[in-house]
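Coordinate inspection notes
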Amino acid sequence: MAKLKIGVLISGRGSNLKALIDACAAEDFPAEIVRVIANVTGAGGLAYAEEAGIPWQMIDHRAFRDREGFEDTLHRALKDAGVELICLAGFMRLLTESFVNRWWDRLINIHPSLLPAFRGLHTHERVLEYGARFTGCTVHFVRPAMDDGPIIVQAVVPVAVDDTAEALAARVLREEHIIYPLAVRMVAEQRVRVVQDRVIVQGAGTPRGALVSPTLHRVGPSKTPNHTQSARAR
Ligand code: GRF
């Protein structure tokens, strides 16, 4: 079967782009990156595209009078490259409804939280402020509202008591690098169907059981005798 042609849009360091490039390097991976586009000059991730010999281009949104002009150019560039699926990977620009409509169910994003919780920016800081026990990351189809749309894959990451936003971000990012290629594989293998705006993945399993946090660990014998102990002593 022909490989699914993907276009990756970035604005920054591009570690998720790198994870996708590495996944695509495997011969049996069912997708290939045919174009990388950045909207910010000097986006670090472009170096990964260059290194891998993937055609890349800069389309600076500031060079356009309005969003429509920028998005028309973006759309044309993606079409010209033969892109069939767009992967947003740290693309810090909200796309208009008209662009999202043109790429309906062919446009996916990764977000560093368990959506629909903690949409938007500064997710890890807000997770810590809130005292959530778990966070994670989500790959989802894009809908016009920010960080909204049918969920394809999620990974759960426990929050540690002494976490900093940086430590948590790094732990979540490691999982992002696993689930983004996984989601692309599922789409490319045509296992993903959107039914009533929810994703059904054909041939997918669900992990059994549940994670619980916090758990208690024993820190030595208890100093306060419990009822059983005092009953035995009598
Ligand atoms: C990631 O945390 C991603 O979830 C979010 O933006 C960040 C991009 O990181 N949308 P990188 O540029 O892929 O390293």
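Structural data are supplied above this passage.
Attention in this report is confined to the structure presented alongside it.

Conventions we followed
- Residues numbered from 1 in each chain as written.
- Predicted model: local features only at pLDDT ≥ 70, side-chain atom pairs only at ≥ 80, totals over all residues.
- Heavy atoms only, no water.
- Salt bridge = Lys/Arg side-chain N within 4 Å of Asp/Glu carboxyl O.
- Helix = DSSP H or I, 4+ residues; strand = E, 2+ residues; numbered from the N terminus.
- Buried < 20%, exposed > 50% of the residue type's maximum accessible area, 1.4 Å probe, protein only.
- 1 Å grid on protein atoms, 1.4 Å probe; cavity = no way out; pocket = protein on both sides within 12 Å on 5 of 7 lines; lining within 4 Å.
- Points joined across faces, edges and corners; volume = space filled by probe spheres on them.
- Domains from an automatic or database assignment.
- Pairing = 2+ DSSP bridges.
- Right-handed = clockwise from strand over helix to strand, strands pointing away.

Summed over all chains, the structure comprises 10 salt bridges. Two residues, Arg143 and Asp105, come together in a salt bridge whose shortest N-O distance is 2.7 Å. Of this pair, Arg143 sits in the loop between strand E6 (134-141) and strand E7 (151-158) while Asp105 sits in the loop between helix H4 (97-102) and strand E5 (107-111), and the two are 38 residues apart along the sequence. A salt bridge links Glu189 to Arg185, with the nearest nitrogen and oxygen atoms 2.9 Å apart. For Glu189, a relative accessible area of 28% corresponds to the partly exposed category.

Leftover empty space is mapped by rolling, across the atoms, a probe with the size of a water molecule. When its volume is computed, the largest pocket comes out at roughly 1,000 Å³. What lines the largest pocket is a set of 39 residues, and nearest its centre among them are Gly90, Met92, Ile110, Pro112 and Leu121. At the level of elements, helix H1 (15-25), E5, helix H5 (123-130) and helix H6 (165-188) are the ones that each hand at least two residues to the lining of the largest pocket. Per element, the largest residue contribution to the lining of the largest pocket is 5 residues, and it comes from H6. In this structure, the lining of the largest pocket is formed jointly by two domains, domain 1 (1-103) and domain 2 (109-234), each of which donates at least three residues.

This part takes up the pairing of E5. Buried residues dominate E5, accounting for 5 of its 5 residues. In E5, alternate side chains face the same way, and those of Leu107, Asn109 and His111 on one face and Ile108 and Ile110 on the other are all buried. Relative to E5, strand E4 (residues 85-88) runs parallel, the two being bridged by 3 bridges. Note on E5: the bridge partner recorded for Leu88 is Asn109. Crossover connection from E4 via H4 to parallel E5: handedness right-handed. The sheet contact formed by E5 and E6 spans 4 bridges and is antiparallel. Paired with Asn109 across the bridge in E6 is His140.

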